[in-house]
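Coordinate inspection notes
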Amino acid sequence: MAVFEVYSHPVVVRYRASICTKTTIFMFIVFGLTLVVPFLVAYTSEGFWVKQSVYLEQPYVSYKHQLLMVLEGTTATEYLVWSTYHNYNMLEQQRLRIPIVKSREEDTNRDGKPDKLLINIETPMLDTEQVYSLHLLVIFEYQLFRFSSLTMESMAYIHYNSPRPGAMFTVDGELQFKQNYPLPHRGIVDTYNYPVINGDSIYAADYQLTNIFRDYMDRNESTTFVSAYPVWVSGKGAGKPFIIQATIRYPEETILYYPGFWQLIKLAWIQYLAVLLIFIFIFGRLKTFVFQNHILQAAIERPFKLRSE
Amino acid sequence: MLLRFYDETVLVGDSTGVKMTYDVIEHGDPVVVECTAVSHGGTQYLAITSSGDPATFTTDVGMVRLIPLINLVYKTRMEAYLVLDEPADTDVAFTCNVVSAASTTAARGIANNPVCNPIVFERPTRDFSDISPPSNGTNDTSTEASTTVEQTTFSATGMTLRSTTAQPFPFNGSTSWYLPVSEFEFKPGDIYQTIEVLHHSPLSFATQELVVLTCCAPYQNNANPKYINDSTALLMVVDLTEDMSINWTLSSTDPTLETEIPNTAYVELAPCACDMTAGHCDTGCCCDVDCTDSELETFSACIPGLPGGQDEERYQYTCENVNVYTSDWHPLLCIEITSTPYLGLYYDTKLGVRDIGSYRDTLADSDHDGYSYADPGRRYGQEVHPDLATEGYKQGIAVKTRYPMTSNEGFLSLPMPSSNTHDCTWMSPIRYLVDANSSCVQLPLQSLCTSSSMLSAQMYVISTNVDQPPCPTVTKVISEHGTTDAAPVTTKYYCTDDVTAFQQSDLTTREIFPRFEPSFFPDNNTDSSRIDLSQLSRCPWDDGYTYPPAPEYDFDSFICSYAVLSAQYNIRWKGTAIVLLEATYILGNITLDLDPEIEPEESPEYVPAPPDLIPTPTASLTTRDVDLNVTTPDITTDSATTSPPLPPSTVPPTTQQATTESANATETPITAPPTTKVPDVTTSGFPSFTQFFSVYYTYQNELQDENEDGVLEQAEITERSGNPGYILGKLVLTGRGIYEQPSIVENITYPVEFNCTGNSTIDPPECNETIATTMSPIGTETPEGGYIITNTSDQYRLKLWNPGAGSLCDESDYMDVYFGQDVASGCLIRLGWTQFQNCSELRYLMEQQLQQLFPGDNIGKRGNADVNVEDEWATIFNPVDNPYVPVEPSTDVPTAEPTSTLPPGKDIYYPEPISNTDEIIGTCYDIPTGINIEILTAVAGQFRGMQQLEIVSARVNYTRSTMRLNCIGPNGVSCYGEYASSYNFTDEEPVQAFLVSSTVTFISVPAVEPEAPASYYVNDTNVCKYDTCAWEAFYPMTVHNKGGYYQQNLAYGLFLILLILVCFYISKPWW
């Protein structure tokens, strides 16, 4: 009658040694190696600490209804300005020209966040005035919520030059988030929640594009208007205004951030543990070999008596 | 040689010399002659002692040679040289001939003894016996039958030659070689002649033969005996291969069949390279499988096999490669080549397709996507629309026209800007129910002024009522697509003398912003620059039945008359048909630059000034005439009516006025031609102008109302702004609610004229006095009586500034508020010291002007708000947050103040305490400088998937600012006030610009009051904060997971849970 193995269980064999023996020292070394070597392996194989990570978020962008517009003509003295900053209008009152500004923010996918801004500026022009170049600064409030709560005032700079006098300029582009350093993973970031253009100032220097751009570029987080498709239409009819039609889209952004402590530990632990298991197995076999073959001296305590004894 | 000498006798004492005479009897070898004298009597000359020296007599014989002596010929042409031994002293003629030799021996025989007709003259020449016989089987004459024939012919000839000398030259063609020129004449001094020998082509088989070229000087042709019968010979050893061109006619197989070339990696490419003709035995090709055994036997030799193939590009790998950019191991692993049987790499061939069916099959096998530059084949504007097949217009279908004479169908169109400039094209059709308007900038060119240009009224739609001239053939507008029915067309032509609205003005900034002139608001808010048809009059000839005139260019005044400046089509429609087209045109006289190349064509009433006139002494040269463009003399008017324009030379110079710059002319002699052309100087520089075009569609209402005269008229159509919700960009419906209060309803007169010249800041003194008291608050009580209607006419709508030229308020007018668009606009007023003297007045005037922007009190809640239903209108709150109550001006308000000419305020006037600060001159506080309109909108719901937007309410408030003159820089002059002149700064008062603004803001509010959220979700912006929100706890199974379909993800998730439960159930880990 055939015999089957119906059950099995391991038997614990204990090896005992005093502290100041080679066996004990060996065991300490092996224990240390079992813990340290996996760490070294995991660490030196790169990417152990996840120092930065990304997430996707569509920003909450609000058009602040603030604009600064400069239209340039043929000569150095021939230009027209308008802005929503009345101090600036006052400064340039010789060149001030009041346009009709129409704007509308659209939430195309109805997720509660505006997806684009449509802006239409009609500047009344005399027939003797001609536009060859334009600068337009559009001011936004830019907010991110998912990890750190970022709030800042940002800007879209729309500009164009043409050798032909313009009648209409259309542009369609994206307001892209730009960060020099990753954001923190939590907390409030409102470092740059101050005006791009200091509308309270009565000094011309505060409205010079050079200064505005210089200060703006000093920011870690900012936005850039990117459009590859500007269209400049020339041939202005008698008594017709110069028209700017801009569409500024707010795309979903990939945002870089510094992961928090627990996320770092969690990801590192996963890597460490995976390597540790291999080394526990290897050093376990080594120890079994060493003790089974009595390479090191230890008192053996068997749970049962050997037949030969 | 045989000579006969005659004896001579010398007499005693006669002479010392003797002249001997002889005859040549026969030519031959040289002979030695010796003379001996014998004296008769005496002993001086005895035969023994008086013998002279021997003299040798030799015949002078010329030598002729052919060079080269022997020639190996591989081509069908050969050249040789016939060379004399010395330059000819008299004319010498040679005749040459070619003969074929049967064998080497025969050839040598002929060459050694060339025959010369008629005498066989044998003389020792060079021996040809040392010529080696031609190689490989020249003697084998058995291969070709023709060779055999030649041999026999030659044998006969040879026999003839040998037996008889009567055979004349040239003896007829025994060889395929011939001499194009066989007679050669040496002139005195010539030493050689070139002889050309040609072969009769084509060469259908390989030929190897011996040909002898002989030349001799027959005595018949030569007078000089030196070369007579002198002959020479040249031996040509001919070895010609056959012409290797492929003769397809010999091929037995179908010439269109292609041979599929197999892959030479496995199959030998050219097992028989000489097999040139399919199905035909190629001569000499021993490996040709088409050759029978008998044919093979006839081949004299086999064409050696061609090596074939091509060297591979192996140079870079060979050790011969010395390129410096080779790999460093190249010298170790380079290829050393001695010879190779390598045939190159070959590719699979695909047989050409011979019939269209296979072509289509092959094309179907391709993976070509079908995109190509292939011409789609459109040469006229072919419309594409899904509903073209059905009768009747659908939205977007082009409106069709029909040309009555040819029944051609066309499209109705107006000039529209093409893609990227405002330059217009007239090729874009008008579409049914699609409104359009455009403006086209035109350069002032005379060439535009023709009957078939954009300026010609004849080119636009013409009334169907036209009967002057009779039976006109006007283009019909088809009333229904797919039919030929013509829609009635009515036209109205307005003529205007004032074309400033169409011409580019030359107004400059300096002119519009004078430094010392204050500018406030316009007298009445009608913009003079806008085109108002009611201000224009119909053209005198326009009675509705007359064909419009074509534009005419006046060479005198440079005016193009009756030019179309504006065209407007109002198309009345019903269903799928055009019921009526009402065309309205504005015609005007436009100045156009004269084109010197265009001359008046028919019946000119004047002579145009020639461009290069010579000024005369009588011309008014001393003044620089501004009106130089008027160069046409009136004198020639009569004479030129029937004659063509006179050429410049015939124009009497006395009739011309100065046409050149006088400064130039006065300094230079009169006769000097002017350096500038007149048209360039005088007629260029007219402003470019703009044409305006528009098309709009009006629904032909079926309902009809009776008008005052009892005539049925079309009921008025009220345009809605949405149904029911507002549509973005449509007009916001606003108006004034009218209630049952007879005094109000009957006496609506608005806006009230401000008698104190409200447009100006300089008012009569009485206006400035009592503003504060006249502007006492007017009651805000709600109107009595029931609601009647909301008057939504133009004058009661919410308005915004529409800045005009230079954005001056004085040039500005109003524009409407459209739904959904935030608007900022404004205008500039320019004020000086004087205007700041009385702030109350300024405040009142500003408020007066700003109030005109919100004359109404009702705003339509929905886009289809009914004017008769009060519930459909929401309230507009005024600047003091009260519902607007229109109070009509009445003469008894205010009664307390004596003789105020100021009219009372139309609006509620809130109490304005006169503060002491008003006493500071040049600064005014609390001046309303702008209005801000806030409109609350809400998403009320959805209708047919569209969000329906409603207006909940609206409010108007003022922006109040402190106005003061800027005392800085050059503006500081203003701040001297009335003392400016005393400081000698300026006599006049400088002004500064101040902005008057108007804005609209649309604010979205929830339609239903939302529940207060739990505090945890306060500030929630629909984002999963830190990725740890509750609703994303089981992210893969939720709708937030964008990776895959939600249902699928949910199914996977539930299945996974089920699997885990089963595992737990089976393993029972807790037991």
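Worth saying up front: this structure is predicted, and the values here are computed from it rather than measured.

Let us now look at the overall build of chain B. Scanning chain B from terminus to terminus reveals 13 helices and 38 strands. Evaluated residue by residue, chain B yields a buried proportion of 38% over its 1071 residues. Sequence-distant contacts in chain B: of pairs separated by 6 or more residues, those separated by 24 or more amount to 71%. Surface exposure of chain B reaches about 61,900 Å², of which carbon and sulfur atoms provide 54%.

Let us now look at the side chain of Asp127 of chain A. On the secondary structure map, Asp127 of chain A appears in the loop between strand S6 (116–123) and strand S7 (133–144). The buried charged residue Asp127 of chain A lacks any salt bridge, with Lys236 of chain A as its nearest oppositely charged partner at 4.3 Å. Within polar-contact distance, the side chain of Asp127 of chain A engages the backbone nitrogen of Gly239 of chain A at 2.9 Å. A distance of 2.7 Å separates the side chain of Asp127 of chain A from the backbone nitrogen of Ser505 of chain B, its partner in a polar contact. Not counting residues up to four positions away in its chain, the partners in contact with Asp127 of chain A are Lys236, Gly237, Ala238 and Gly239 of chain A together with Gln503, Gln504 and Ser505 of chain B.

With that out of the way, let us pick up the sheet that holds strand S3 (residues 60–72) of chain A. Residues and elements named next belong to chain A. Strands sit in the order S4-S3-S7-S8-S10 across an open sheet of five strands; the sheet is mixed. Edge positions in the sheet fall to strand S4 (79–83) and strand S10 (188–189), since each has one partner strand and no second. Where helix H3 (residues 209–217) meets the sheet, its contacts fall on S3, S7 and strand S8 (149–161), and the angle it forms with S8 comes to roughly 140°.

Residue and element names in this part refer to chain A. Taking the numbering used here, the UniProt-annotated feature "transmembrane region" (unreviewed entry) corresponds to residues 24–43 and 261–283. As annotated, residues 24–43 comprises 100% helix and 0% strand, and the C-alpha atoms at either end are separated by 29 Å. The straight-line gap between the two end C-alpha atoms of residues 261–283 is 31 Å; of that span, 100% is helix and 0% is strand.

All names here are of chain A. Taken together, the side chains of Phe31, Leu35, Val36, Phe39, Leu40, Tyr43, Trp49, Phe261, Trp262 and Ile265 define a hydrophobic patch exposed on the protein surface, amounting to about 1,000 Å² of accessible area. For the nonpolar patch, the element with the highest residue contribution is helix H1 (residues 22–44), accounting for six residues. Within the fold, Trp49 resides in the loop between H1 and strand S2 (53–57). When its relative accessible area of 35% is taken as the criterion, Trp49 is described as partly exposed.

Negative phi characterises most residues that are not glycine, and trans characterises most peptide bonds. The omega torsion across Ile67 of chain B and Pro68 of chain B is 0°, close enough to zero to call that bond cis. Its place among the elements puts Pro68 of chain B in the loop between strand S5 (64–67) and strand S6 (70–73). Residue Asn723 of chain B is joined to Pro724 of chain B through a cis peptide bond whose omega torsion reads -5°. Among the secondary structure elements, Pro724 of chain B is positioned in the loop between strand S28 (712–714) and strand S29 (734–739). Of note in the backbone geometry, His294 of chain A takes a positive phi value of approximately 60° without being a glycine. Here the phi dihedral of Ser807 of chain B falls at roughly 50°; this positive angle occurs in a residue that is not glycine. Mapped onto the elements, Ser807 of chain B comes out in the loop between strand S31 (799–802) and strand S32 (813–816). Classification of Ser807 of chain B as buried rests on a relative accessible area of 0%.

Examined against the element boundaries, Ser688 of chain B turns out to sit in the loop between helix H8 (678–682) and strand S26 (689–699). For Ser688 of chain B, the contacting residues outside a window of four places in its chain are Val441, Gln442, Leu443, Pro444, Phe502, Gln503 and Gln504 of chain B.

On to the packing of aromatic side chains, then. The geometry of two aromatic rings is summed up by the distance between their centres and the angle between their planes. All names here are of chain A. A complete count under the given rule lists 51 aromatic pairs over all chains for this structure. Ring geometry for Phe39 against Tyr43: centres 5.7 Å apart, planes inclined by 10°, an arrangement best described as stacked. Of this pair, Phe39 and Tyr43 both sit in helix H1, four residues apart, roughly one helical turn. We classify Phe39 as partly exposed; its relative accessible area is 33%.

To continue, consider the state of the cysteines. Covalent bonding between the sulfur atoms of two cysteines defines a disulfide. Residue and element names in this part refer to chain B. In the structure shown here, the tally under the stated rule is eight disulfides over all chains. The disulfide partner of Cys96 is Cys215, and the S-S distance across this bridge is 1.9 Å. Judged by the sign of its S-S torsion, about 110°, the bond between Cys96 and Cys215 is right-handed. Of this pair, Cys96 sits in strand S8 (residues 92–101) while Cys215 sits in strand S12 (residues 207–216); the two residues are 119 residues apart in sequence, bridging distant segments of the chain. Here Cys495 engages in a disulfide with Cys539; their sulfurs sit 1.9 Å apart. Across the S-S bond linking Cys495 and Cys539, the dihedral sits near 100°, which makes this disulfide right-handed. In this pair, Cys495 is assigned in strand S21 (residues 489–496) and Cys539 in the loop between strand S22 (537–538) and strand S23 (552–554), connecting sequence segments 44 residues apart. In this structure Cys539 comes out as buried when scored by relative accessible area, which is 2%.

Moving on, we come to the confidence of the model for chain B. Residues and elements named next belong to chain B. The share of residues in chain B with pLDDT of 70 or more is 70%, and the mean pLDDT across the chain is 73. When mean pLDDT is compared element by element in chain B, helix H13 (residues 1046–1067) scores highest at 92, while helix H11 (residues 771–774) scores lowest at 34. Per-residue pLDDT stays below 50 along residues 307–311; that stretch engages in seven contacts with residues further than four places along the chain or on separate chains.

With that settled, the discussion passes to the pairing of strand S18 (residues 436–442) of chain B. Residue and element names in this part refer to chain B. The buried count for S18 comes to five of seven residues, which makes it a mostly enclosed element. Here S18 runs beside S26; their pairing, made up of seven bridges, is antiparallel. The partner of Gln442 across the bridge, within S26, is Phe689.

In this section: the packing of H1 of chain A against helix H4 (residues 261–292) of chain A. Residues and elements named next belong to chain A. Relative to each other, H1 and H4 sit at 155°, their axes nearing to 8 Å. Of the possible angle classes, the one that applies to H1 and H4 is roughly antiparallel. As H1 packs across H4, the resulting crossing turns out to be right-handed. Touching Thr23, Phe26, Met27, Val30, Leu33, Thr34, Leu35, Val37, Pro38, Phe39, Val41 and Ala42 of H1 are Gln271, Tyr272, Val275, Leu276, Phe279, Ile280, Phe283, Leu286, Lys287, Val290 and Phe291, all from H4. Among the residues making up the contact of H1 with H4, the classes are represented as 19 nonpolar, three polar and one charged.

Another point: the interface of chain B and chain A. Chain B puts 51 residues into the contact, and the matching count from chain A is 44 residues. Between chain B and chain A, roughly 3,700 Å² of surface is buried when both sides are summed, and carbon and sulfur atoms account for 54% of that area. The salt bridge involving Arg146 of chain A is made with Asp1027 of chain B; its shortest N-O contact spans 2.8 Å. Run the count over chain B and chain A and you get eleven residue pairs in polar contact (both at pLDDT 80 or more). Listed by contribution, the elements that provide at least two residues to the side of chain B that touches chain A are S18, helix H6 (509–512), S26, S31, strand S33 (822–832) and strand S38 (991–1005) of chain B. The element that contributes the greatest number of residues to the side of chain B that touches chain A is S33 of chain B, accounting for seven residues. Pairing of strand S5 (residues 100–106) of chain A with S33 of chain B involves three bridges; the strand directions are antiparallel. Residue pairing in the sheet places Ser103 of chain A in a bridge with Asp822 of chain B of S33 of chain B.

Definitions and cut-offs
- Residues numbered from 1 in each chain as written.
- Chains lettered and ligands numbered in written order.
- Predicted model: local features only at pLDDT ≥ 70, side-chain atom pairs only at ≥ 80, totals over all residues.
- Heavy atoms only, no water.
- Helix = DSSP H or I, 4+ residues; strand = E, 2+ residues; numbered from the N terminus.
- Buried < 20%, exposed > 50% of the residue type's maximum accessible area, 1.4 Å probe, protein only.
- Contact = heavy atoms within 4.5 Å.
- Areas by Shrake-Rupley, 256 points an atom, 1.4 Å probe, with all protein chains shown as cover.
- Lys, Arg positive; Asp, Glu negative; His and termini not counted.
- Salt bridge = Lys/Arg side-chain N within 4 Å of Asp/Glu carboxyl O.
- Polar contact = N/O pair within 3.5 Å; in protein donor to acceptor, adjacent residues only side chain to side chain.
- Pairing = 2+ DSSP bridges.
- Axes fitted to C-alpha atoms, helices over the stretch in contact; angles between N-to-C directions.
- UniProt positions renumbered as here; feature names shortened; annotations may be inferred.
- Patch = residues over 30% accessible without salt bridge, like charges linked within 9 Å, V, L, I, M, F, W, Y side chains within 5 Å.
- Phe/Tyr/Trp six-rings, centres within 6.5 Å; stacked < 30°, edge-to-face > 60°.
- Disulfide = S-S within 2.5 Å.
- pLDDT = per-residue confidence, 0-100.
- Parallel < 35°, antiparallel > 145°, perpendicular 65-115°, else oblique.
- Left-handed = near helix turned anticlockwise from the far one by under 90°.
- Nonpolar A, V, L, I, M, F, W, Y, C, P; charged D, E, K, R; others polar.
- Buried area = accessible area lost by both parts, 1.4 Å probe.

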